[in-house]
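# Coordinate analysis (summary)
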Amino acid sequence: MEETELVSLCLEAACKSEESVEKWRRQRRTLERLPSHLAQSLLQRLLHRRLLFPSLLEVFKYSMEEIDLRGQNSVDAEWMAYIGAFRYLRYLSLADCHRVTNSALWPIIGMACLKELDLSRCTKVTNAGVRHLISISTLEKLWVSETRITADGVALLSSLENLSVLDLGGLPVTDKALNSLQLLTKLEYLDLWGSKISNGGVGVLQSFPKLSFLNLAWTSITNLPDLSALECLNMSNCTINSVLHGTGDKAPLTKLIFSGATFIDGAETFLYMEKSLLLFLDISNSSLHRFSFLSYMEMLEHLDLSSSMLGDDSVEHIVCIGANLRYLNLSSTKVSSTGVGVLAGHVPKLEILSLSHTSIDDMALLYIGMMLSLKVVDLSNTNIKGTIPVEGMDCQMVSSLAALQNLACLERLVLEQTKVRDADLSPLSSCKELSHLSLNCASLTDATLHLLASLPRLTYLSICEAVLTNSGLDSFTPPAALRVLDLRDCWLLTEDAVSLFSKKHPQIEVRHEAVPLLSSELVSSNRASLSQPSSRTSRMKSKQKNMPLSQFFIDQRLKYSREELLALQYSFLSLNSPDDTGIILSELQLDPIN
Amino acid sequence: MRKEDTVKLISAEGFEFVIDKEAAMVSQTIRNMLTSPGSFAETEHGEVTFPEISTVILEKICQYFYWSLQYARGKETEFPIEPELTLELMMAANYLHT
């Protein structure tokens, strides 16, 4: 439920300081009548402000139905003792809580309403912890991926008969352990990535009549038997011989992920699959080199062919199914401008297109300008130069980016590592919806900065490696919406100039080697953890990846570089359900403002 | 002030607050009560009783209504909330949808 204005003012006031918490805490009784959604907002805000301590949890005893503590390093046995007393708790997430041990789980065994429990990556939980869990017979959803539970522990879970979701990702589940889970006939979602299941044991999956989601990525399974209810299948990084090969009803597949897979029979594998319902297909990095099977996937909305063998001659197969496509990733393929030309006019709904690391040149821009629904376009690391000869007059050049002016919905544009120059960018000033722009090109100067000042919705601008000067930055009037300005590797800028700009525009987060990273910049998003250690470490001038890592990461994101994070975002997306293409747009944005 | 332009809000303890109808309408709940045709007795008498809301809180709520109107007209001041009242006020605000 959305918070109304006065409600959020109250939440704000309640979580202002330790003193304010102390004052309202004296009226504990009032919290018993607190509607659960308000209790949740209050608790999340207290967590965010680092004002929550174990005994304060007691005030939520009767009002809490869902509690999300993922990534909270402070959560330990003492916290769990209070949480175990939450009378109406239905959902508990302790994912990435590294101090949760087996004995810390003991207090939750008596919880009569608990239906969903997330213990993902609780690295201290072992088989002994499972013995506590199996007494919570109400459990319907359980996530225990990357814990230290072994095959024997997994076998114990067979007594949780109400389970419909079971995530065993990264656990050494054996054929024997899977066999003992046969009793879980209500299972709809089963995650077994990285397990030790073999072709010999995989047949057991047929005893789960409702199984609709299955993840077998990074396993040695080559033959998957027919599963009549299966909708989503992930067999990334597997060597695949046959999939869902059977005589019965065909599985109503909507989402397939074969990223990095090796197909022994090539495209033949797809022959026996029901393809007409498919919405989402990821065959990036796979061994396929023939793509005619695509023609049968008429409903397809999301197609990832990046790093595959796809060339211009196969683009016709995408054209056949272009009508519903919203997402198309052709990065690192052999597609050239010719291929993009074949595509133009056949993808009326296409919103996201990536052509990075391909050999496309400025001709492709003319075709891209004909794909009128595009919102996100990635053209980084291509041969785009920004100019194109006027027809008939070879020596007269005009800006090829002018074609993008047709794209009325264009929100994000990536032109990193291309050869565009200041003058070529001038058509962008009429792309009024543009909110994210990445231009890491060494050829750009102050002129680009001033040109972009007129973009009303620009919130994120990256112009790394450019030849910007101190005076250029000083005279730059940023668009009112701008929140992030990435100036890394703009080597001419001095510390003084950058900090002067930051002072003049405090609403903008400026990224440059001369600016020490502040905690708020490092830790983004709404569930950010602003812990003291984090702000202390981050004030050091080092870059994120050079930061000394404490025993446990304060925020998992600190582990990764920006590039790795972007890659992770995509992999996260591919695990999402296929029908949330709308979310993709927002998920693509990594900045703290979102 | 004409009677039709005001409403009477009555607290749990029976205290009455007479305020401008315009201000009371800041609350979606009160707005619905006052504008829905016929069915509510509140519509006729211009009176709403809140057996769950104490006088202190209802007074604060009324202050908020007026503050909200002023804020909407561009007067940017802060609305002060005493820490002791925060949770009670939050529940009332939730109920009144304001």
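What you are looking at is a predicted structure, and each value in this text was computed from that prediction instead of being measured.

### Re the overall build of chain B
When helices and strands are tallied, chain B shows five helices and three strands. Seen in sequence order, chain B has helices and strands lined up from the N terminus as β-β-α-α-α-β-α-α. Taking 13 Å as the expected radius of gyration for a compact globule of 98 residues, we find that chain B reaches 13 Å, a close match to that expectation. With 98 residues in all, chain B has 29% of them scored as buried. In chain B, of all internal contacts separated by at least 6 residues, the share reaching a separation of at least 24 is 67%.

### Regarding the overall build of chain A
A count of helical and extended segments in chain A gives 17 helices and 25 strands. Counting only residues that meet the buried cut, chain A has 43% of its 594 residues in that class. Considering only contacts within chain A whose residues lie at least 6 apart along the sequence, 56% involve residues at least 24 apart.

### Focus on the packing of helix α4 (residues 55–72) of chain B against helix α5 (residues 86–96) of chain B
For any two helices packed against each other, the geometry is given by the interaxial angle and the distance between the axes. Residues and elements named next belong to chain B. Look at α4 against α5: their axes get within 10 Å of each other, and the N-to-C directions meet at 60°. In terms of axis orientation, α4 runs oblique to α5. Pair α4 / α5 crosses with right-handed handedness. In this structure, α4 contributes I57, K60 and I61 to the contact, and α5 contributes E88, L89, A92 and L96. Classifying every residue of the contact of α4 with α5 gives five nonpolar, no polar and two charged.

### Regarding the sheet that holds strand β3 (residues 47–49) of chain B
Residue and element names in this part refer to chain B. The strand order across the open sheet formed by three strands is β2-β1-β3, and the pairing between neighbours is mixed. The two strands at the open ends of the sheet, each matched to only one other strand, are β2 (16–20) and β3. Between one strand axis and the next, the sheet turns by 25° as a mean value, whatever way the strands run. Here strand β1 (residues 6–10) pairs with β3 via three bridges, running parallel. What sits directly across from K8, in β3, is E47. Across the face of the sheet, α4 comes into contact with β1 and β2 while running at roughly 5° to β2.

### Remarks on the confidence of the model for chain B
Per-residue confidence for chain B gives a mean pLDDT of 88; residues scoring 70 or more make up 92%. Among the scores for the predicted complex, ipTM is 0.92 and pTM is 0.79.

### What to know about the packing of helix α1 (residues 5–14) of chain A against α5(B)
α5(B) packs onto α1(A) with a crossing angle of 165° between their chain directions and a minimal axis gap of 8 Å. Overall, the two elements α1(A) and α5(B) adopt an arrangement that is roughly antiparallel. Seen along the crossing, α1(A) lies across α5(B) with a hand that is left-handed. For the pair formed by α1(A) and α5(B), the contact residues are A:L6, A:V7, A:C10, A:L11, A:A13 and A:A14 on the first element and B:T86, B:L87, B:L89, B:M90, B:A93 and B:N94 on the second. Residues belonging to the contact of α1(A) with α5(B) are distributed by class as follows: ten nonpolar, two polar and no charged.

### A closer look at α1(A)
Extensive coverage of α1(A) is indicated by the burial of seven of its ten residues. Taken together, the buried positions of α1(A) are A:L6, A:V7, A:L9, A:C10, A:L11, A:A13 and A:A14. Where the residues of α1(A) are buried, they touch α2 (18–25) and α3 (36–48) of chain A together with α4 and α5 of chain B.

### Considering the pairing of β1(B)
Judged by which residues are buried, β1(B) turns out to be one-sided: B:V7 and B:L9 face inward and are buried, whereas B:T6, B:K8 and B:I10, on the alternate face, are not. Hairpin remark: β1(B) followed by β2(B), antiparallel, with five residues in the connecting loop; positive phi at B:G14, about 95°.

### Here we look at unusual backbone geometry
Leaving glycine out, the prevailing phi sign among residues is negative, and the prevailing peptide bond configuration is trans. Residue and element names in this part refer to chain A. Here the phi dihedral of S332 falls at roughly 55°; this positive angle occurs in a residue that is not glycine. Within the secondary structure, S332 is located in the loop between β16 (327–329) and α9 (337–343). Among the residues examined, S332 registers 19 C-beta atoms within 10 Å and is labelled partly exposed. Its identity is not glycine, yet Q417 carries a phi of approximately 50°, on the positive side.

### Some words on the confidence of the model for chain A
Residues of chain A with pLDDT of at least 70 account for 86%, and the chain-wide mean is 86. In this model residues 572–594 of chain A is a low-confidence stretch, pLDDT under 50, and it forms 40 contacts with partners more than four residues away in sequence or in other chains.

### Regarding the nonpolar core
The biggest cluster of nonpolar side chains holds 190 residues, and the ones touching the most others in it are A:C10, A:L94 and B:M90. Setting aside residues no more than four positions away along its own chain, A:L94 makes contact with A:L69, A:V75, A:V100, A:D118, A:L119 and A:C122.

Cut-offs applied
Residues numbered from 1 in each chain as written. Chains lettered and ligands numbered in written order. Predicted model: local features only at pLDDT ≥ 70, side-chain atom pairs only at ≥ 80, totals over all residues. Helix = DSSP H or I, 4+ residues; strand = E, 2+ residues; numbered from the N terminus. Rg over C-alpha atoms; globule rule 2.2 N^0.38 Å. Buried ≥ 20, exposed ≤ 12 C-beta atoms within 10 Å, placed from the backbone. Contact = placed C-beta atoms within 7 Å. Axes fitted to C-alpha atoms, helices over the stretch in contact; angles between N-to-C directions. Parallel < 35°, antiparallel > 145°, perpendicular 65-115°, else oblique. Left-handed = near helix turned anticlockwise from the far one by under 90°. Nonpolar A, V, L, I, M, F, W, Y, C, P; charged D, E, K, R; others polar. Pairing = 2+ DSSP bridges. pLDDT = per-residue confidence, 0-100. Core = buried A, V, L, I, M, F, W, Y, C linked by C-beta atoms within 7 Å.

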